[in-house]
Structures are given as structure tokens and as C-alpha cells.
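Structural features, examined
As a plain string of letters, each chain reads:
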Amino acid sequence: MTDHNLPKTIFLWALVLFLLSFSQNIRAQCAGTDNTVTVCEKDTDIATQNYTLFDKLNGTPTPGGIWSTNDPANFFALDRTNGIVNLWEVKNSGVHQFTYTNDACGESAIVTINLGGYPGEDNIDGSADACGDDPAVNLHSYIGDETEGKFQDFNGIWAAVTPEAIPHLNENFFDADAAGPGIYEFTHTVPVVDTCPSRQVRLLLEVQRPANSGIGSNLVVCTTDDLSSLTNYDLDALLLDEDSNGTWSEGPLTNELDDLTDHIINVEAIRDANSSGTFTFRHTVFPSHAVCTVNTTAVDIVILPVLQGTMATVNYCEGPSEYTIEITDYDTALIASGTYTATYSLTSVSGTETDSASLTLNNDGTGTFQIDANPINLNEPTTLTITSLGTNVCSDIQVPPILFSVTNPTANAMDSCEGEGSSVDLTNIFDSSQNNANGTYELTYSLTAPSGASTNFALNEVSFSSGNATFSIPAAQITETGEYEISLDVASGFPLDCQITDTFMVTPTPPSIDLGLLVDNSCDATRIDVTVDAPVLSDGSYTITYDVTQVSTGQVAITNTINFAGGTASYELDVTSLEQGNYTASVRSTQNDTTPCRLVFDFELNENFAIEGIPAIPIAQAQQSLCLSAIVPDLPTLEDIEVSATGDILFYATETDMDILPLDTELTNGEDYFISNIDPMNNCEGSDRIQVTITLIDPIVPTASDSNPLFCASDNPTVGSLDAVISSVSSVVWFDSPSGGNAFENSVALVDGQSYYAATEGDGQCLSTQRLEIIPAVFDLEPPSLEFTNLALCGLDNPTVTDLRNIESNNPFEVLWYTSSENGNPLANDVLLTEDTIYYAESFNPDTGCTNPERIPIAVELSNCNPEDYGFFIPDGFSPNNDGRNDTFFIPDIEVIFPDFTLEILNRYGSTLFKGDRNNPAWDGEKAPNGVYFYVIEFNKQGNAPKQGRLYLNR
């Protein structure tokens, strides 16, 4: 069934949707829509000062919204309430956006203005001036319009038209100081903005010369200086680079300048009128143009006060932390009283120290300052000099230096023992001139004994050196023990305000002790007596120990300790129960009194003895042989005989002889020697002797058929090669010296001219004492020297090995040529050279038959041919008819003269028919009809350009 109401229903719904959409669009456009406008030459239209943005919105904006901008440069040009913007206040050309926001619909729209630039106004009429001392002239200040509120854009580009101005322009600032006086042209350009063209203005800036009053300096003199040469002093001398049109002025105290043209002053008169002080004069220069300022330079005439007077002080002894220095009569007319910082130096033989102190000058011509004691070197004459009173006082301090000393004279008396004298060391003693005492002086001293008795003594000639001396108090003047005091004086010495004294101790001599030890039979003892004789001491005692110790084991067999107060005593040691062996009997005493002058506190006495102490007979082979070479360079002695025995070995010439032979007695071949022994612990000798017969062995030295054999270095001869030139019944050992030295391995390489020594090695490896010297000659040829490593020849000349010899340098030996780097046979001189072959040169000595196997290679090139010298030509045709004559197109000798050549044959249409080179040099014209063809030859050789031409093929 058809619904006739359906179209009506659809229409009604469509109408509702349309109205709803229309209502929303109306509401959405209450802020309008975005729009873009372009404004050029805003500066010519005063209406752009009140430019209404609302009128530029598209759509249907409604009033009541707020305007805003995100560009801080436009913030104050915009009225945010009414949307009016002063485009004259927008000082940057370009794109500017302003946003309108209507809270009624919560929507925003943007008006974009493409704002054309305003570069300012031309200024080329000479009214733009800047001073030449301005390092940052703002060029914007010269191109503004006088119209109220009209400003040129700040984002334009400044450029220097005058080339000299270019390095001194930085954006809109010009360094007139660096550029200097002159006229400079600049342009200020604003860029193209949308349809608005670029605009430009010109500026002619004249940089005026600034006034220059000069660079000033000061004249500094002292009150006491001779100023007669400064009575007509030119103030201009204190200026540098000043203008000539300046004038001078002065202060109230000088009265030296007559008028503005005067620049001569009398420095001496200023000093006479004022004594000292700082007097200022000013040099003023006016500029030639009002854009520059007046320039003034001040200079000072400085007349410094002078300290003139004397110093005084006394000689001090060590102790205070400061010492007083007095100024006795300074000239009050030359310097005012007051407090000054004085710098002074202290000079002695140890060096110079510098310090400072506060100096007070009183108004009566006196003054004082305190110097620190620390920098002063004791016992050294010290010169004090005032070097400065600061920059406000003349450096010429007219106070003479003074000499003084801080001394510490000392005496050091040495303690002594009873019956001895004492030594006294004197240090830091000065003569009357404050110098270290040198020479001889009279000396008096007094000794106060422990009992209180005092005695005076004198020494006429005591020798001093650099303030030091030593003298002795004789033992005869020291009659008591105990503490002495000495007080002394040096006649004609440095006056002292302190005494030179010291004390020393005299110690009594302590008593000594005597020990005794007696053994009845040292080889077989049965009894030992010990005796003691010691003084009786009131402040000490003795500890006496005696014991018997077995030597071999170190064990004590008998021991005893006795405390002994003094006197005499004797003890007997029973040793009959001791086992066989060697023993040491010892008696010791330790004295524990505290007497200082005792030199020995411990006493000891030892005796060796034995029980059945006769040693056993020595053991040795009756027949002994010695190899002499094992002993050289010394001769064999008794010490070389091998023997085993207890104790020390004794040698005799006969079985009954009592004279012991020295151990360095030289042995004789076939001689008999008799040996005994003695126990050193008990000095007991054996009762029997053994006999030893000595045989001395020395093999016969080898002989040589040639003591100077010849070898080739190329054969790598070794020490083993020398065996061929000697004869020997035994084996041979080679050494590096005629005696001793080191043996060579047979594999060691021989060295030319070095000596090698052969020794015979007999049975038992005994070497002969004499050696045969062999000095081999090892011929080592140098590699051949060649003038070139590459040789260029022409193969058409049929070069041979003889041509290679032309590059041999002045070689001392013959040169052999090979075609291989090793082995092979040498080439004859008439052997033809071939291309692509490396030839090798080898040194050869025909006298010795030696060669140097190091062969030097040379590359030979056979294409060094001048075409003109060999009639080189290119044929202009050929006849490939197989008659054996001229059947191919072939260029004679081209493969020799130009080995890298290429040949291309083309027909008249430019098609390539043939390509050739040294491996395929001839074209046979196969299948090519009679006619004209073209060739292109690339010689590929420096100096030879490619060549092209025509040829005729005729069968």
C-alpha cells in the first residue's frame, strides 16, 4: 500500500534540520571568520593611525568581543576593547595577526595584516653629523620623520655604500671612532611584503673630527733634586698626540701661566714656593663641530718630599723580639712630621732580608721605628738601610745606612776525667770592628773549682778563624774532681754587655779488675786455675762467671757464677771427667758501678784446650795430577793439592823437616810433598805425615797450515770452519782470547779480522796452556751499485747485456748479470735483452771467487725509440689478395716504438671494422670491399698525440 503522506513527512524533517543548522551557523559566526588584508605605505595615510580591525572580519561578527595579539611589539599599538590599531606604532614590517574573541559564542577569528615597510626618510642634505670618538652611532636617529608619531621600521636592513664603512657597520650601529672622520653613505631597506614593494632611503653621515687634548703623563721630581734645568719647562712635553689648538690652565698654588697661550712653567720656582706637593695643569681643546665635546687632559707636576737625616742604634744581645732604631736629626723643611711606612733591608753575609715598619717622625727632627728581630742573622754584622717611605716620598732616601750586630757569644767546655785537661770551644766571637774574629788574640779566663777556689789564667796567642776558636785547659790547672765554672774575656774583642761562661765536670778515674786463667796441658788438660784481683768498690760489685764449653757442640760442661765485692780470689776447675774433644775455658766479669770515666765494664779471658786432642792423620791420594790450564794465569801451589784432614793442613818438604812450607809454594812436576795437620782449637799437631807425588799436565798446542785463512761471507763460515786449517792429535776448543776468555760454539759465525785461539783438549778435558791464534779473512762484498733502477732502450737497436754494463757505477768488483734473483748462470755480454724481463746484478770478486748473493734488480724497457730515427711511417694502403706481398695493413715497428698503441679501422660511415694493439697489430681487410677507409691510432706515449688518416684497400 502506498503512503501518500511520506513526501510531506520528509519535507518537514528536512525543514527542521535546516533551521537547526542555520541557528547553529548564526551562533558560530558571532566572532566572524578569518581574513587577510594588505596595507602598503602606511606612512602616507594618516587614517592608518586608527585602523579598525572589526571591519576587516569576514562573516557576521557581533560586537562585544576582545582583541588580542601574541606579538609584544604590537601590544601597545592595539586597543583591545574597540579593536583599533595604530599601524604607525607597529614598527616592524611583515605579517601581523590580531585575534578577535567573542565569549558569547566562545569562538575566535583572526585578522592577518601584511604590513608593508616604512624605511624612514632620506637624509642626504648634509645635516647628519656624528663625532669621531663615538664607537656606536645609531643610524636610526638620522632618518626619522618630524611628523608626530611616525617612526621608521626597525627591522629594515642597513648597508654601507661607502666601502670604507663596511667593516665598521654592525646592524644599525656604526663605529665612527674606528672609521675616522669622513663622509659615509648608507642605505636602509625594508623588504617586500606580499604585494607591497621593497623601499629604501639613503643617509649621508659626516663623521666630524673629535677634539683631542692628548694623552697626558706626569713629571715627578724630588725636593732636593737640581731643578735648574726645569726653569723653562714646556708642559707640551707631557702630552702625546694632542691637537695644536689647545690652551693650558693651572691651579691656585703655581701662578706660572701668563695667559691662554702660555705653556712654559718654572718647576724650580714651584718647588721653592711650596717645597713639595702635587700641582695640576689642564690642557683643553675645543672641537671644530658642535656634535663633539670639549676634551681636557690633566697632567701633574709631582714634587716629592725627601727624608734627609741620620740613624742610630746600639749593638744588641739576642733576646728581644724587636729592636729600636732612632732617627736623630731629619730635615723638617724637606718632609712633614707624621707616620710613614718604612721599607728597609737587612744585609749580612747570609743574604738580604726585606721588611717594613711604621716610622714616626716627630716635629722636632727626631723619629723612631721598631725592626723585627726574626730576619736578623745572629752573630753577623748587619747593615740596615731604609729603602723607601712609599710612593708619596722621594725614593732617594738620604739617610746613611748603619751597621750593628745582634750577637750570641758562647763557650762550650768539655767534661773530662781525673788527670785529663779540658777543651773549650768559642763561637760567635767578633773583633772590635764587628767582624768575625780572625787571627790571634789574648784571652783571660778564671776557673772556679768545686771547692770554691778561683784561679785566673791568661793565654797570649789564641788563634781565631771566622769568629771561632778552641783552646785547652791543661790538666795541671784542674786539681779537683767535680764541677768547675769557667768565665772568660777576649782582649781587643767586640764589646759585650753579657758574660761568656760555662761549666764542665771532672770525673775521678775508676779502679780496674785483673783476671787470670792457666791450663796445665792444652792438648790433654787435667787442671785449670782461675784467679781474680779486683778493687773494693763502695758503689758497685762484680759478677764473676767461669765455664767450660765443648767447641763442637757449644754445650757448657762446667759453669759457675759468683758475686764478688772486691779483693783477690782463686778457683780450680777439675776437667778430668770431660770426654775427648776440644774445649774453651772462659772467665768473665761485669762491673756494675756507675763511674762515668770507666771505659771498660766487661772483662773476659778465654783459653782453648783439648782432652786427647791430637788430630787423626790426613787422607789424600798418593799420586795427583794437575792440569795447568785450569790454574792459569797463576802457577799451581800447595793449595791445589787435594787433601782431607781435621783442622788446618801443614805441608813439609821432607818427612822430618820442621819448617812449614807456605801455602803459596809453587808445585814442581814429579816432586814429593809431606802433609800433616793441626787442630786450631787447641793448636795440637798430628804425629804422622803422609806423602803425595805431583804430576803437572800441559797438552801440546795445535799447529796451523794457514794462520790467515780466507772465507767468503756468502758461504756463511763458522768457527767450525777453522778446523780445516789446523792439525792436532786431540780435539780442539776455540776461544776468544789467548788465555781465559769464553769458548766458541762451532756454529758461531766468523768475523773478518777477529782473532780466534785454538787450545788442545787432552784426556780428562785438560786444555793446553798455550793457544794457537788464527785470524781469518772473511770477504764480504757490497751489493753492486747501479746508476738507475729502470733502463729505457730501443729494441730496434738489438740491445745486449753490454748495454746493462753502461749503468754500472764505479763498483770495486766485477758485476755478473742474471735473469733470476737467485741461482742460474751469468749472462754473456752478447746476449740480447728481451721485453718484460727483470735483470739482476750480482757482485763478484775474481781474486777470491766470492760473491754477494744479494742481487739488485733492474727493469728494462725496449720502447725508448724516437720514431724519426727509425724511419717510422704509416702505410696509405694495402692489397689483401694473398700474393704474399702487402696482404695486411701493418705499421712497421709500431709495436716496439709504441708498445701500448691501439689501432681502430672505420668505414666511411663511422662503423668500426677492426681494433688492434701489439698483440693483434695487422688488419687483413677480410670481407671489406675495395675503397677508402679511415684509421685512428692512439700512441699512448707521452709527447705523441693521436693520429688519424685514410688508407686505400685494393685487392
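Residues numbered from 1 in each chain as written. Predicted model: local features only at pLDDT ≥ 70, side-chain atom pairs only at ≥ 80, totals over all residues. Heavy atoms only, no water.

1. Describing the overall build of the protein
Of regular secondary structure, the protein possesses five helices and 67 strands. The C-alpha radius of gyration of the protein comes to 64 Å, more than 25% above the 30 Å expected for a compact globule of 955 residues. Projected onto its principal axes, the C-alpha positions of the protein cover 165 × 140 × 110 Å. Across the 955 residues in the protein, those meeting the buried criterion constitute 39%. Restricting to contacts in the protein with at least 6 residues of sequence separation, those with at least 24 account for 64%. Summing over all exposed atoms, the protein offers an accessible surface of approximately 51,100 Å²; the carbon and sulfur share of this is 48%. (Helix = DSSP H or I, 4+ residues; strand = E, 2+ residues; numbered from the N terminus. Rg over C-alpha atoms; globule rule 2.2 N^0.38 Å. Buried < 20%, exposed > 50% of the residue type's maximum accessible area, 1.4 Å probe, protein only. Contact = heavy atoms within 4.5 Å. Areas by Shrake-Rupley, 256 points an atom, 1.4 Å probe, with all protein chains shown as cover.)

2. A short note on the side chain of T769
Mapped onto the elements, T769 comes out in the loop between β55 (756-761) and β56 (772-774). Polar contacts involving the side chain of T769 include one to the side chain of D698, which spans 2.6 Å. In contact with T769, not counting residues within four places along its chain, are L628, S629, V632 and D698. (Polar contact = N/O pair within 3.5 Å; in protein donor to acceptor, adjacent residues only side chain to side chain.)

3. Thoughts on the state of the cysteines
What is meant by a disulfide is a covalent connection between two cysteines, made through their sulfur atoms. Using the criterion set out here, one finds nine disulfides in the structure. The disulfide partner of C523 is C684, and the gap between their sulfur atoms is 2.0 Å. Because the sign of the S-S torsion sets the handedness, a value of about -115° for the bond joining C523 and C684 places this disulfide among the left-handed ones. Pair noted here: C523 is in the loop between β39 (514-519) and β40 (527-534) and C684 is in strand β49 (residues 684-685), with a separation of 161 residues, a long-range link. (Disulfide = S-S within 2.5 Å.)

4. Remarks on helix α3 (residues 267-274)
All of the buried residues in α3 are V267, I270 and R271. Mapping the buried residues of α3 onto a view down its axis gives an arc of 100°, with all of them on the same face. What points out from α3, more than 90 degrees from its buried face, is the exposed set D272 and A273. The inward-facing, buried residues of α3 abut β15 (219-222), β16 (233-234), β19 (264-265), β20 (277-285) and β21 (295-304). (Arc of directions from axis to C-beta.)

5. Concerning the environment of V733
Looking at the element boundaries, V733 is found in strand β54 (residues 731-735). Overall, the relative accessible area of 17% leaves V733 in the buried class. In this structure the C-alpha to C-alpha distance between V733 and V719, which are 14 residues apart in sequence, comes to 10.0 Å. Once residues within four sequence positions are removed from consideration, V733 is found in contact with A743, Y757, A758, A759, E761 and L767.

6. A closer look at the pattern of salt bridges
Scanning the model with the defined rule gives 14 salt bridges in all. Its salt-bridge partner being K150, residue D145 comes within 3.9 Å of it at the nearest N-O pair. Of the residues examined, K150 reaches a relative accessible area of 11% and is grouped as buried. Here D243 and R209 are joined by a salt bridge, their closest N and O atoms 2.5 Å apart. Remark: R209 occurs in the loop between β13 (199-208) and β14 (215-216) and D243 occurs in the loop between β17 (239-240) and β18 (247-250); sequence separation between them is 34 residues. When its relative accessible area of 44% is taken as the criterion, R209 is described as partly exposed. (Salt bridge = Lys/Arg side-chain N within 4 Å of Asp/Glu carboxyl O.)

7. Some points on the environment of D893
Secondary-structure assignment places D893 in the loop between β63 (877-878) and α5 (894-897). Given the relative accessible area of 28%, D893 is considered partly exposed. Note: C-alpha distance between D893 and Y571 (322 residues apart in sequence) is 133 Å.

8. Regarding the side chain of D43
Residue position: D43 is located in the loop between β1 (35-39) and β2 (51-52). Residue contacts for D43: discarding those within four places in its chain leaves W88, Y118, K150 and R199.

9. Notes on the sheet that holds β15
Strands belonging to one sheet form pairs held by backbone hydrogen bonds; the direction of such a pair is parallel or antiparallel. If you walk across this open sheet you meet the four strands as β15-β21-β20-β18, and the pairing is mixed. The sheet is open, and its two edges are formed by β15 and β18, each paired on a single side. Averaged over all pairs of adjacent strands, the angle between their axes in this sheet comes to 20°, without regard to strand direction. Bridging between β18 and β20 involves four bridges; their strand directions are antiparallel. Its bridge partner being in β20, W248 is matched across the sheet by H283. In the packing of α3 onto the sheet, the strands contacted are β15, β20 and β21, and the crossing angle to β21 comes to about 60°. (Pairing = 2+ DSSP bridges. Axes fitted to C-alpha atoms, helices over the stretch in contact; angles between N-to-C directions.)

10. Notes on the packing of aromatic side chains
Think of a pair of aromatic rings as described by two things: how far the centres are apart, and how the planes are tilted against each other in angle. Per the stated rule, a full pass over the model turns up 21 aromatic pairs. Aromatic side chains Y344 and F369 sit 6.0 Å apart centroid to centroid with 40° between the ring planes, which places their arrangement in the tilted category. Note that Y344 is positioned in strand β25 (residues 338-348) and F369 in strand β27 (residues 367-372), a separation of 25 residues in sequence. Taking relative accessible area as the criterion, Y344 reaches 1% and is therefore assigned buried. The class for F369 is buried, based on a relative accessible area of 1%. Judged by centre distance (4.5 Å) and plane angle (50°), the rings of F898 and F939 are tilted. Placement of F898 in the loop between α5 and β64 (902-906) and of F939 in the loop between β66 (931-938) and β67 (947-953) is noted, with a sequence separation of 41 residues between them. F898 gets classed as buried once you look at its relative accessible area, which sits at 2%. (Phe/Tyr/Trp six-rings, centres within 6.5 Å; stacked < 30°, edge-to-face > 60°.)

11. Regarding the confidence of the model for the protein
Counting all residues, the mean pLDDT for the protein is 88, and 97% of those residues have values of 70 or more. Averaged over each element, pLDDT in the protein is lowest for helix α1 (residues 6-28) (37) and highest for strand β11 (residues 173-174) (97). (pLDDT = per-residue confidence, 0-100.)

12. Brief notes about the environment of Y484
Turning to its location among the elements, Y484 is positioned in strand β37 (residues 482-490). Considering only alpha carbons, one finds Y484 and I528, 44 residues apart in sequence, at a separation of 50 Å. Contacts of Y484, omitting those with residues within four sequence positions, involve L447, T448, A449, P450, Q477, I478, T479, D502, T503, F504 and V506. A distance of 3.1 Å separates a polar atom in the side chain of Y484 from the backbone nitrogen of T479. Polar contacts involving the side chain of Y484 include one to the main-chain amide nitrogen of E480, which spans 3.0 Å.

13. Side note on unusual backbone geometry
Of note in the backbone geometry, N428 takes a positive phi value of approximately 60° without being a glycine. Tracing the sequence through the fold places N428 in the loop between β33 (422-427) and β34 (439-448). Unlike most non-glycine residues, N886 shows phi in positive territory, near 55°. Along the chain, the position of N886 falls in the loop between β63 and α5.

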